[in-house]
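# Report on the structure
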Amino acid sequence: MPDASDERLSLLTEPVSILMPVYNEADIIQTVVEEWCQEVINFLPPGSELLFDDASDDQTTQILQSLKERYPYIQIHHTERDGFGNAAKRLYMAAKNPLIFFTDSDGQHLPDDFWRVAKAMRTSDIDGYDMLHGYKVNRKHPYYQILGSALFNIFSRLLFSSKGRDINSSFKLIKRSLVQDQVPKLAYVPTFINSELYIRAEKAGYRIHNIPVGHRARYIGESKVSTSISYFRHGLQSIHGLLALKKSISKNSWDVSP
Ligand SMILES: Nc1nc2c(ncn2[C@@H]2O[C@H](COP(=O)(O)OP(=O)(O)O)[C@@H](O)[C@H]2O)c(=O)[nH]1
Ligand SMILES: [Mg+2]
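Criteria and thresholds
Residues numbered from 1 in each chain as written. Chains lettered and ligands numbered in written order. Predicted model: local features only at pLDDT ≥ 70, side-chain atom pairs only at ≥ 80, totals over all residues. Pairing = 2+ DSSP bridges. Helix = DSSP H or I, 4+ residues; strand = E, 2+ residues; numbered from the N terminus. Axes fitted to C-alpha atoms, helices over the stretch in contact; angles between N-to-C directions. Contact = placed C-beta atoms within 7 Å. Near = placed C-beta within 6 Å. Nonpolar A, V, L, I, M, F, W, Y, C, P; charged D, E, K, R; others polar. Expected span 1.5 Å × (residues − 1). Buried ≥ 20, exposed ≤ 12 C-beta atoms within 10 Å, placed from the backbone. Arc of directions from axis to C-beta.

Turning next to the sheet that holds strand E1 (residues 16–22). Read across the open sheet, the seven strands follow the order E3-E2-E1-E4-E6-E5-E7; overall the sheet is mixed. Edge positions in the sheet fall to strand E3 (74–78) and strand E7 (208–213), since each has one partner strand and no second. Taken over all neighbouring pairs, the strand axes of this sheet differ in orientation by 20 degrees on average, direction set aside. Here E1 pairs with strand E4 (residues 99–103) via four bridges, running parallel. From the neighbouring strand, isoleucine 18 faces E4, where its bridge partner is phenylalanine 101. Sheet strands touched by helix H2 (residues 60–70): E1, strand E2 (49–54) and E3. Its angle to E3, the strand with the most contacts, is close to 150 degrees.

In structure tokens form, the structure reads like this:
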């Protein structure tokens, strides 16, 4: 049980849906879940939930099932592996709570950073932010991913005048109203789907705040999204997607669906 004087207990007044896509993370998923349950969900308002989109065909599914017995707020949606973007979109649409937090399930993000982001969210304050966006500093990805991401971000800035940093980052705390408004429209940038969400939210006038967050190397295993060849392919697809997004939306109407 958390200490009643812990300031984290009173930071957020509304329940949070924490979303994690997972594909074959059997080596680390138990550590990741325990870390997030003990350091984050323990301190969140009742009704908070931890949702997985699980496309695994290793032991991950069994490990998650047994964790669910200890942490009943875990929900597992079993899916076919159809890519990070589809998994993320399903998770965003399944989230029920007024606050939605998205992150990866591979342990590269730090649970403690959740609280740095949460501090900036004032749910009862009408002047608060709609999206707190964590951008990675000292990123621990392979060099080709760091370089590709830098180029992608420069390109997004040129194309959309985006003020965001690391706009595809998988570390966001978002109000559900924004998610419900924007996520159904996401259709152009399949793997880097979080970048399309950022761009659309920014253009639609939502209040976004960028916050630096840490990044750890994977404890074990390798990227599920991006080996060097596939990262290059996803990068080209995403740039093509950004161009199509730009073209599809008329100058003044960012709410037009594809
Ligand atoms: N459900 C689902 N999860 C996926 C899929 N591909 C990747 N993931 C998960 O998405 C997260 C991000 O993937 P990762 O390989 O770490 O991407 P990277 O950090 O950008 O290299 C990880 O937690 C993966 O387990 C997929 O096709 N389906
Ligand atoms: Mg990762």
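Around ligand 1, a shell composed of 19 residues is seen, among which Pro21, Tyr23, Ala87, Ser223 and Lys224 lie nearest. Contributing elements (two or more residues each) for the shell around ligand 1: E1 and helix H3 (84–94). Its residues assigned to classes, the shell around ligand 1 shows seven nonpolar, six polar and six charged.

Here the focus is the environment of aspartate 106. Examined against the element boundaries, aspartate 106 turns out to sit in the loop between E4 and helix H4 (111–120). For the pair aspartate 106 and lysine 224, spaced 118 residues apart in the sequence, the C-alpha separation amounts to 9.4 Å.

Attention shifts here to helix H5 (residues 143–160). An α-helical segment advances 3.6 residues per turn. Residues three or four places apart therefore align on the same side. Taking 1.5 Å of rise per residue, 18 residues should cover 26 Å, and H5 covers 26 Å from first to last C-alpha, within 8% of that figure. Every buried residue of H5 is listed here: Gly148, Ser149, Phe152, Ser156 and Phe160. The buried residues of H5 occupy an angular sector of 100 degrees when the element is viewed end-on, so they sit on one face. Exposed and oriented more than 90 degrees from the buried face of H5 are Tyr143, Ala150, Leu151, Ile154 and Leu158. If you follow the buried residues of H5, they end up packed against helix H7 (193–203) and helix H8 (228–248). Following H5 by one or two positions, serine 161 adopts a phi angle in the positive range, close to 50 degrees.

In short, geometric facts, not functional conclusions.
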